[in-house]
Every structure is written in structure tokens, then in C-alpha cells.
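Remarks on the overall topology
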Amino acid sequence: MTKTRARRGVRSDMSRALVRRETTSAYIFLIPSLFFFVGFVIIPMVMCVRTSFFDSTLSANTADTFIGFANYKEIFGDPIFRKAMVNTLIIVVVSVPVVTAFSLWVGSAIYKLKGPVLSTFRCIFYLPVVTGSVAVTVVWRWMFNQYYGIFNYLLKGTGVIDQNINWLGDPRFALWCIILILITTSVGQPIVLYVSALGNVDATLVEAAKVDGANNRQVFWQIQWSQIMPTTLYVLVITTINSFQCFALIQLLTSGGPNYATETVMYYIYYSAFKLYRFGYGNAMGVILAICIAVISAIQFWLARER
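Residue positions are given per chain, counting from 1 as you read along its sequence in written order. Under the rules for a predicted model, residues below a pLDDT of 70 receive no local features and side-chain atom pairs below 80 are neither given nor counted, while totals for whole chains, interfaces and linings still include all residues. Each side-chain value is derived from all of the structure's non-hydrogen atoms; neither hydrogens nor water enter the calculation.

1. Some words on unusual backbone geometry
In terms of backbone geometry, most residues other than glycine have negative phi values and most peptide bonds are trans. What counts, and what does not: A run of H or I in DSSP becomes a helix once it reaches four residues, and a run of E becomes a strand once it reaches two; helices and strands are each numbered from the N terminus.
In this structure, Pro-258 follows Gly-257 across a cis peptide bond, with omega equal to -5°. Mapped onto the fold, Pro-258 is located in the loop between helix H12 (248–253) and helix H13 (265–274). The phi dihedral of Tyr-277 is positive, around 60°, even though this residue is not glycine. Along the chain, the position of Tyr-277 falls in the loop between H13 and helix H14 (279–306).

What follows is the structure in C-alpha cells.
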């Protein structure tokens with residue numbers, strides 16, 4: 001009995017020593033990432049919140065002045081910010097469901113394909129994601145051009161319109177053009193994720209449902225949909241964040257015009273901070289935007305958990 005207890009004690013000590021070594025090794029490997037995360041994420045976030053309470057220009061000749069919640073009060077009375085927030089919400093409300101539904105439809109249509117055919121479709125849909133935003137924007141700018149763009153050429157050729165439309169210069173169309181571009185450049189990653197998720201659904205459950213007489217629609221909604229819910233949640237959250245942070249397209253195509261028709265919160269933050277040098281005001285808008293994203297993401301997590 002004594003020998004058995006001694007052996008158990010030795011094994012326990014060896015096990016604890018092994019756990020300590022593995023834990024130490026894990027933290028050593030994590031140090032570079034933790035350093036990057038703290039230095040380039042946590043600290044800038046804290047500085048952003050702090051600066052939002054100051055009248056800050058980051059000028060060496062002008063000291064920051066503490067003004068409390070004055071920036072936030074000004075924001076909610078700023079008509080440009082309200083317009084930017086409305087435009088941003090329109091982008092989110094339209095693009096997120098469209099991207100999710102279209103990606104799910106395409107993924108469910110191609111996930112059963114095999115070999116090079118599936119790889120070809122993945123490459124086609126993912127190509128806009130890995131293509132530089134400047135290159136994509138140049139192509140779309142040409143397509144939307146008022147004088148020699150392909151959209152005006154096709155619509156006039158088919159008799160839909162009589163005269164060319166200034167797509168990016170008309171407040172009626174500019175925001176919808178931005179949404180269209182955002183959708184086409186956002187579906188690549190969700191499609192790849194859905195193809196992978198649908199391919200990993202337990203085949204025995206699908207076969208059992210079909211044996212019981214379930215059709216393809218019933219199999220999808222009763223079995224596959226619940227199995228890919230984590231992927232759907234991820235797609236929703238990531239697409240929502242990307243839609244709220246729409247900036248590059250605005251900067252390269254319209255600069256918020258015409259008449260603030262495509263102004264978004266991200267672009268207004270950039271304009272206030274780096275054009276008007278009102279860093280405190282821009283950081284206050286950044287805090288509000290972060291809170292909006294956090295609240296909507298929390299709601300999405302809660303709805304998915306309920307589901």
C-alpha cells in the first residue's frame with residue numbers, strides 16, 4: 001500500500017511538472033502575439049477613449065484641453081454625423097442579409113462538387129477578396145463611368161435608359177453603387193466557409209432523414225441549417241463589422257459625396273481626424289461606432305444562442 005501511494009505521488013508530481021512546462025512553453029510562444037495585441041490594439045483603444053474627452057489636435061505647439069463630454073454632445077447635434085450614421089445603417093441592413101443569403105445559396109449549390117471543379121468555383125468567388133482594393137475600385141469606377149462605362153453602354157443599348165447616368169455623382173444612385181461593390185467583394189470568404197461547413201455536416205444524419213422520406217428542403221432546414229449555425233454566426237458578425245467599417249470604397253470613389261450621400265461614420269472619422277485635425281472629435285465618433293458594433297454583435301450572439 002505504501003509503495004502504491006508513493007508511486008501515485010511520483011506520478012502526480014511528474015504530471016504537475018509536465019503541466020507547468022507546457023504552460024510555460026505556451027506563454028513563451030504567445031508573448032510575441034500578446035505584445036502585438038497589447039501594443040497595437042489595447043493601448044490604442046485606451047488612448048482613443050481618453051482622447052475623446054479632450055480637444056486634441058496632436059500638435060506639438062498646442063496642449064490638449066480636457067472638455068469632458070463636449071465632443072459627444074457635439075456629435076449628436078452634428079447633422080453630418082447623423083447623415084453618416086443613417087448611410088452606415090443602410091449599408092449594414094442591406095449588405096449583411098444579402099451577403100449571408102447569397103453566400104449560403106452559392107455554398108449549398110457547389111459544396112457537393114468534387115476536385116478541380118469545386119476549386120475553380122472557390123477561386124472565382126474568392127478572387128475579389130485577395131485582389132487589392134485599389135485595383136477593384138479602378139475596375140468598378142470604369143464600369144460606373146458616366147461617359148464610357150459598361151453599365152450605361154448596356155442599358156442604353158437595350159433601351160432601358162435614354163441618356164447616360166452619373167452613377168457615382170447622383171445622390172439617388174451613389175450609395176447603392178457602393179453597396180453593390182461592397183456585396184461583390186464580401187461574398188468570397190463566406191462562400192468558402194459555407195462550402196467547408198456544409199461538407200462537414202454529419203452524412204449519417206442526412207442519409208437517415210432521406211430514408212425517412214425527407215426532401216432536400218427539409219434536410220437543409222432541419223439538419224444542415226442547425227449544423228452550420230456557428231458558421232452563420234461568424235459570417236453575420238464579420239460581415240456586420242466590415243459593413244460598419246466601410247471606408248476604402250468611399251475614399252477611393254466618392255469621398256463621401258455627392259452632398260454627403262455616401263458619407264459613412266468611418267469616412268467622417270477619417271475626415272475629422274486627418275483633414276480637420278480634430279482628433280478628439282474623431283475618437284469620440286470611433287467610441288460610438290465601437291459601441292454600436294459591440295451591441296449589434298451581442299444581439300447576434302444572443303439570437304444565435306437562442307436558436
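2. Looking at the pattern of salt bridges
What counts, and what does not: Each reported salt bridge corresponds to a side-chain nitrogen of Lys or Arg within 4 Å of a carboxyl oxygen of Asp or Glu. Think of it in three bands: with a 1.4 Å probe and only protein chains considered, a residue is buried below 20% of the maximum accessible area for its type, exposed above 50%, and partly exposed in between.
Tallying each qualifying case throughout the model produces two salt bridges. Across the pair Glu-74 and Arg-278 runs a salt bridge, and its minimum N-O distance is 2.9 Å. Residue Glu-74 is located in helix H2 (residues 70–76), and its partner Arg-278 is located in the loop between H13 and H14; the two are separated by 204 residues in the primary sequence. Overall, Arg-278 belongs to the partly exposed group, its relative accessible area being 31%. Asp-170 is the salt-bridge partner of Arg-172, the closest N and O atoms lying 2.8 Å from each other.

3. As for the packing of helix H3 (residues 79–110) against helix H11 (residues 229–244)
Packed helices, taken two at a time, are described by the angle between their axes plus the distance between the axes. For the record, the criterion: To get an axis, a line is fitted to the C-alpha atoms, and for a helix only the part in contact is used. The angle between two axes follows their N-to-C directions and goes from 0 to 180 degrees. Oblique is the label for any angle not covered by the other classes, which are roughly parallel (under 35 degrees), roughly antiparallel (over 145) and roughly perpendicular (65 to 115). The sense of a crossing depends on the near helix, which, turned anticlockwise from the far helix by less than a right angle, makes the crossing left-handed and, turned clockwise, makes it right-handed. Every residue pair with non-hydrogen atoms within 4.5 Å of one another is taken to be in contact. Throughout this entry, Asp, Glu, Lys and Arg are counted as charged residues, while Ala, Val, Leu, Ile, Met, Phe, Trp, Tyr, Cys and Pro are counted as nonpolar. The remaining residues, Gly among them, count as polar.
Put simply, H3 and H11 touch, their axes get as near as 9 Å, and they point 150° apart. The pairing of H3 with H11 is recorded here as roughly antiparallel in orientation. Crossing of H3 against H11: the hand is right-handed. Taken together, the residues of H11 that come into contact with H3 (itself represented by Thr-88, Leu-89, Ile-91, Val-92, Ser-95, Val-96, Val-99 and Thr-100) are Thr-232, Val-235, Leu-236, Thr-239, Thr-240, Ser-243 and Phe-244. Of the residues belonging to the contact of H3 with H11, the class tally is eight nonpolar, seven polar and no charged.

4. A few points about the packing of aromatic side chains
What counts here: Paired rings are identified among Phe, Tyr and Trp, the last through its six-membered ring, by centres lying within 6.5 Å, and are further divided according to the angle between planes into stacked (under 30 degrees), edge-to-face (over 60) and tilted (the rest). A ring is considered to have a charge above it if a Lys NZ or an Arg CZ atom is located within 6 Å of its centre and within 35 degrees of its normal.
In this structure the tally under the stated criterion is 21 aromatic pairs. Note on Phe-53 and Phe-69: the rings are 5.2 Å apart at their centroids and 90° apart in plane angle, and the pair reads as edge-to-face. Taken as a pair, Phe-53 in the loop between helix H1 (2–51) and strand E1 (54–55) and Phe-69 in the loop between strand E2 (65–66) and H2 lie far apart in primary sequence, 16 residues in all. Phe-69 gets classed as exposed once you look at its relative accessible area, which sits at 55%. Considering the side-chain rings of Phe-144 and Phe-151, the 4.9 Å spacing of their centres and the 25° angle between planes classify their relative orientation as stacked. Note on Phe-151: relative accessible area 24%, which makes it partly exposed. Within the aromatic cluster, the residues linked to one another by ring pairs are Phe-247, Tyr-267, Tyr-270, Phe-274, Tyr-277 and Phe-279. Directly above the ring of Phe-54 sits Arg-50, whose terminal nitrogen or CZ lies 4.5 Å from the centroid. If you follow Arg-278 out to its NZ or CZ, it ends over the ring of Tyr-281, 4.3 Å from the centre.

5. Observations regarding a nonpolar patch on the surface
Put simply, the rule is: Patch membership requires over 30% relative accessible area and the absence of a salt bridge. Like charges are linked within 9 Å, and nonpolar side chains (Val, Leu, Ile, Met, Phe, Trp, Tyr) within 5 Å. Per-residue and other accessible areas were derived by the Shrake-Rupley procedure at a 1.4 Å probe size, with only the shown protein chains allowed to occlude residues.
A cluster of nonpolar side chains, namely Phe-37, Val-38, Ile-42, Ile-43, Met-45, Val-46 and Met-47, defines an oily patch on the protein surface of about 640 Å² accessible area. Note that Phe-37 resides in helix H1. Here Phe-37 falls in the partly exposed class, since its relative accessible area comes to 42%.

6. Some points on the side chain of Gln-300
Among the structural elements, Gln-300 can be located in helix H14. Ignoring anything within four residues of it in the chain, the contact list for Gln-300 reads Leu-233, Leu-236, Val-237 and Thr-240.

7. Topic: the environment of Thr-185
Counted only if it meets this: Side-chain atoms alone can form a polar contact between residues adjacent in sequence; in general such a contact is a pair of N or O atoms within 3.5 Å, and within protein one must be able to donate a hydrogen while the other accepts it.
Note that Thr-185 resides in helix H7 (residues 174–186). Separated by 59 residues in sequence, Thr-185 and Tyr-126 place their C-alpha atoms 8.6 Å apart. Sequence-distant contacts of Thr-185, that is, excluding residues within four places in its chain, are made with Pro-128, Val-129 and Val-136. At a separation of 2.9 Å, a polar atom in the side chain of Thr-185 contacts the main-chain carbonyl oxygen of Ile-181.

8. Overview of the nonpolar core
Convention followed: Take the buried residues of types Ala, Val, Leu, Ile, Met, Phe, Trp, Tyr and Cys, join any two whose side-chain atoms come within 4.5 Å, and each joined set is a nonpolar core.
In terms of nonpolar packing, the biggest core is built from 43 residues, with Phe-144 and Ile-228 touching the most fellow members. At the level of secondary structure, the elements contributing two or more residues to this core comprise H3, helix H5 (133–143), H7, helix H8 (188–199), helix H9 (203–211), helix H10 (216–227), H11 and H12. Those residues within four positions of Phe-144 in sequence are excluded, and the remaining contacts are Phe-151, Trp-167, Leu-168, Cys-177, Leu-180 and Ile-181. Listed in part, the 19 residues of the second largest apolar core include Met-85, Val-92, Ile-269 and Val-287.

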